[in-house]
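Survey of secondary and tertiary structure
These are the residues of each chain, in order.
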Amino acid sequence: MKKLKTIKKILYMLSVCLIMTSVNPKSTFAAVHAKTKINFVLLSCYSKTIPIDGEFLLVAVTSNGEMPTFKSSSSSIASVNSYGVVTGKKSGSCKITAKVSGGEASCKVTVAASTVRISRTEATIENGAELKLSATVSTGHAITWKSSSSSVAEVDDTGLVTAKKCGTATISAKADGVTATCKLTVKKPTLSLSCSEIKLYREQTKRLELKCSNNSEPEWRSSRNSVATVDENGFVTAVSHGTATITVKVDGVSKSCKVTVMQPIITLSKDSLTMTVGSSIKLKATVSSGNTPEWSSSNDTILSVASDGTIKARQPGKAYVYVKEDGVKASCIVQIRSE
């Protein structure tokens, strides 16, 4: 229908021109025309809306039969060639003028802004996670992707978003000067520890199991390494009696566990002995931690003691046998007589 109307309009203008050129040159009109040299231009349309990169032919019929010159008031918005073909360049409005000597006519051309649509306008993801965004543009032109905060989230040229740290960022899809956005939130993780409190003896170990909603690397720390240490996998090792706090932190969120390293209880099989010079006897030490204790003598010239608790009497006198573990000490008094 639009093409039919345009054809009718062009035929009408041609008819008008034909009638005007067939008028008797000796007529009053011809005389006035010759005197004033007034010409006119008829256009196929006087207002047109096109998309960016859209085209249309602006037909111009002149009263004097001359070929008009075409000009755009803003070639950056819409350009026109010498044949009247108008091309949209960017959104905005301008005038396309067809001109002959003594006459001209203009068509207002509006270049419509492109439409950019993005697949999501809001999204929430975990740190380290990826999200694929897609976007379409009415002109089919290429889309440029951008993140307002690359430290929070990066986006590649295909719209693939990768979360880097907790926070917010705006992901933009831009084409033809038009932008569509997605508000992205990289949320803080949810943490849980297998224990909130544990008790150990020196040299004992226990692993704290961490459950985290994202895949970020956890940071483990002990408040007192002299009491208990922790490695990068959450294994806690008791060092000496006392208390310490083990803390794990992921993306600013932390959980903790109280560690108590208990002092052992040491029980000796005897607390006093009488021996003769040259004899041997073995003391037995029971340690609640299960660790091997350290044995020592208060006077090595009187008696000696081996690492398994075997006492050997050397000369008459009195001495003590000590057994020690993690700061706890037990003793046995030994009286040695001559044979």
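Remember, predicted model here, so these are calculated numbers, not experimental data. (Residues numbered from 1 in each chain as written. Predicted model: local features only at pLDDT ≥ 70, side-chain atom pairs only at ≥ 80, totals over all residues. Heavy atoms only, no water.)

**Topic: the environment of cysteine 212**
Relative to the helices and strands, cysteine 212 resides in strand β22 (residues 210-212). Sequence separation between cysteine 212 and serine 192 is 20 residues, and the spatial gap between their C-alpha atoms is 6.8 Å. Residues within four places of cysteine 212 in sequence aside, it is in contact with Pro189, Thr190, Leu191 and Val250. (Helix = DSSP H or I, 4+ residues; strand = E, 2+ residues; numbered from the N terminus. Contact = heavy atoms within 4.5 Å.)

**Digging into the sheet that holds strand β8 (residues 92-100)**
Taken together, the four strands give an open sheet; going across it, the order is β2-β9-β8-β5, and neighbouring strands pair in mixed fashion. A single partner strand is all that each edge strand has here, and the edge strands are β2 (47-51) and β5 (69-72). Taken pair by pair, the neighbouring strands of this sheet meet at an average axis angle of 25°, ignoring direction. Bridge analysis of β5 against β8 gives four bridges, and the strand direction is antiparallel. Counted as the bridge partner of threonine 69 is lysine 99 from β8. (Pairing = 2+ DSSP bridges. Axes fitted to C-alpha atoms, helices over the stretch in contact; angles between N-to-C directions.)

**Section: the pattern of salt bridges**
Going through the model one piece at a time under the given rule, you end up with four salt bridges. Residue glutamate 154 pairs with lysine 164 through a salt bridge whose shortest N-O separation is 3.8 Å. Here glutamate 154 is found in strand β15 (residues 153-155), whereas its partner lysine 164 is found in the loop between β16 (160-163) and β17 (167-175), with 10 residues between them in sequence. Here lysine 164 falls in the partly exposed class, since its relative accessible area comes to 41%. Arginine 202 serves as the salt-bridge partner of glutamate 325, at 2.8 Å between the closest nitrogen and oxygen. In this pair, glutamate 325 is assigned in strand β35 (residues 317-325) and arginine 202 in the loop between β20 (197-201) and β21 (205-207), connecting sequence segments 123 residues apart. (Salt bridge = Lys/Arg side-chain N within 4 Å of Asp/Glu carboxyl O. Buried < 20%, exposed > 50% of the residue type's maximum accessible area, 1.4 Å probe, protein only.)

**Quick look at the packing of aromatic side chains**
For the structure shown, the criterion picks out one aromatic pair. Ring geometry for tyrosine 320 and tyrosine 322: centres 6.1 Å apart, planes at 10°, overall stacked. On the accessibility criterion, tyrosine 322 (24% relative accessible area) is partly exposed. Positioned above the aromatic ring of phenylalanine 56, the side-chain terminus of lysine 48 is 5.5 Å from the ring centre. For lysine 329, the ring lying beneath its charged end belongs to tyrosine 322, and the centroid distance is 4.7 Å. (Phe/Tyr/Trp six-rings, centres within 6.5 Å; stacked < 30°, edge-to-face > 60°. Lys NZ or Arg CZ within 6 Å of the ring centre and 35° of its normal.)

**Some thoughts on unusual backbone geometry**
If you check the backbone angles, glutamate 203 has positive phi at about 75° while not being a glycine. Counting through the fold element by element, glutamate 203 comes out in the loop between β20 and β21. Not every positive phi belongs to a glycine, and aspartate 326 is a case in point at roughly 50°. Relative to the assigned elements, aspartate 326 resides in the loop between β35 and β36 (328-337). Classification of aspartate 326 by relative accessible area gives buried; the value is 11%.

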